[in-house]
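Given next are the chains, with one letter for each unit.
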Amino acid sequence: MDAEGQTLGRLATRIATVLKGKHKPIYTPSMDTGDYVIVVNAEKVVATGRKMDEKMYYRHTGFPAAATINLREQLAKHPDRVLLAAVRGMLPHNRLGRAMFKKLKVYAGADHPHAAHSPRS
């Protein structure tokens with residue numbers, strides 16, 4: 001999937017649907033029937049409204065206060081983590097969801113090392 005110009009949440013829901021396998025007629029909630037997803041141009045994803053400055057990402061540093069960073073800074077430093085965090089929250093929070101999440105590959109630029117597998121959109 002190409003993330004260039006796509007809205008963050010709408011793209012994340014499409015990715016989560018494919019990872020779960022809900023687009024297939026053989027979908028079963030208790031089985032991993034999803035496909036692998038490769039996302040390119042993650043740095044060019046778009047957010048609506050004032051989310052670029054108001055949406056915060058938190059991570060624990062080991063010190064009493066957690067480190068916070070807004071969406072604009074996160075896209076500048078680690079653009080892949082933005083999509084990973086959005087999709088992770090849409091998958092089941094158990095071992096099945098962790099197995100589905102391993103099938104997601106996100107790259108900031110247009111190049112990816114999976115060209116030999118001939119991925120399709």
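Residues numbered from 1 in each chain as written. Predicted model: local features only at pLDDT ≥ 70, side-chain atom pairs only at ≥ 80, totals over all residues. Heavy atoms only, no water.

## Structural notes on helix α4 (residues 79-88)
Of all the positions in α4, only Pro79, Val82, Leu83, Leu84, Ala86 and Val87 are classed as buried. Elements in contact with the buried residues of α4: α1 (8-20), β1 (37-39), β2 (56-59), α3 (71-77), α5 (95-101) and β4 (104-106). (Buried < 20%, exposed > 50% of the residue type's maximum accessible area, 1.4 Å probe, protein only. Helix = DSSP H or I, 4+ residues; strand = E, 2+ residues; numbered from the N terminus. Contact = heavy atoms within 4.5 Å.)

## What to know about the side chain of histidine 114
On the secondary structure map, histidine 114 appears in the segment after β4. Once residues within four sequence positions are removed from consideration, histidine 114 is found in contact with Ile38, Lys105, Tyr107 and Pro119.

## Side note on the packing of α1 against α4
In a pair of packed helices, the angle between the axes and the distance between the axes together describe the arrangement. Running from N to C, α1 and α4 point in directions that differ by 60 degrees, and their axes come no closer than 9 Å. With respect to each other, α1 and α4 are oriented oblique. For α1 against α4, the interelement crossing comes out right-handed. Residue-level contacts link Leu8, Leu11, Ala12, Ile15 and Leu19 of α1 to Val82, Leu83, Ala86 and Val87 of α4. Here the contact of α1 with α4 is built from residues that sort into 9 nonpolar, no polar and no charged. (Axes fitted to C-alpha atoms, helices over the stretch in contact; angles between N-to-C directions. Parallel < 35°, antiparallel > 145°, perpendicular 65-115°, else oblique. Left-handed = near helix turned anticlockwise from the far one by under 90°. Nonpolar A, V, L, I, M, F, W, Y, C, P; charged D, E, K, R; others polar.)

## What about the side chain of threonine 33?
One can find threonine 33 in the loop between α1 and β1. According to the relative accessible area criterion, threonine 33 is buried, its value standing at 11%. Within the structure, the side chain of threonine 33 is placed 3.5 Å from the backbone oxygen of lysine 20, a separation counted as a polar contact. Dropping the residues within four chain positions of it, threonine 33 is found in contact with Lys20, Gly21, Lys24, Ile26, Tyr27 and Thr28. (Polar contact = N/O pair within 3.5 Å; in protein donor to acceptor, adjacent residues only side chain to side chain.)

## Some remarks on the nonpolar core
Ile15, Val39, Leu83 and Leu104 are the most contacted members of the largest nonpolar core, which totals 29 residues. Elements with a contribution of two residues or more to this core: α1, β1, α3, α4, α5 and β4. Top element by residues in this core is α1. It accounts for 7 residues. When residues no more than four places from it in sequence are discounted, the contact partners of leucine 104 are Ile15, Leu19, Val37, Val39, Leu84 and Val87. (Core = buried A, V, L, I, M, F, W, Y, C linked by side-chain atoms within 4.5 Å.)

## Description of the pattern of salt bridges
Counting across every chain of the model gives 4 salt bridges. Glutamate 54 serves as the salt-bridge partner of arginine 50, at 3.3 Å between the closest nitrogen and oxygen. Using a relative accessible area of 62% as the deciding quantity, one classes arginine 50 as exposed. Here aspartate 53 makes a salt bridge to arginine 72, at a shortest N to O gap of 3.1 Å. Residue aspartate 53 is located in helix α2 (residues 51-54), and its partner arginine 72 is located in helix α3; the two are separated by 19 residues in the primary sequence. (Salt bridge = Lys/Arg side-chain N within 4 Å of Asp/Glu carboxyl O.)

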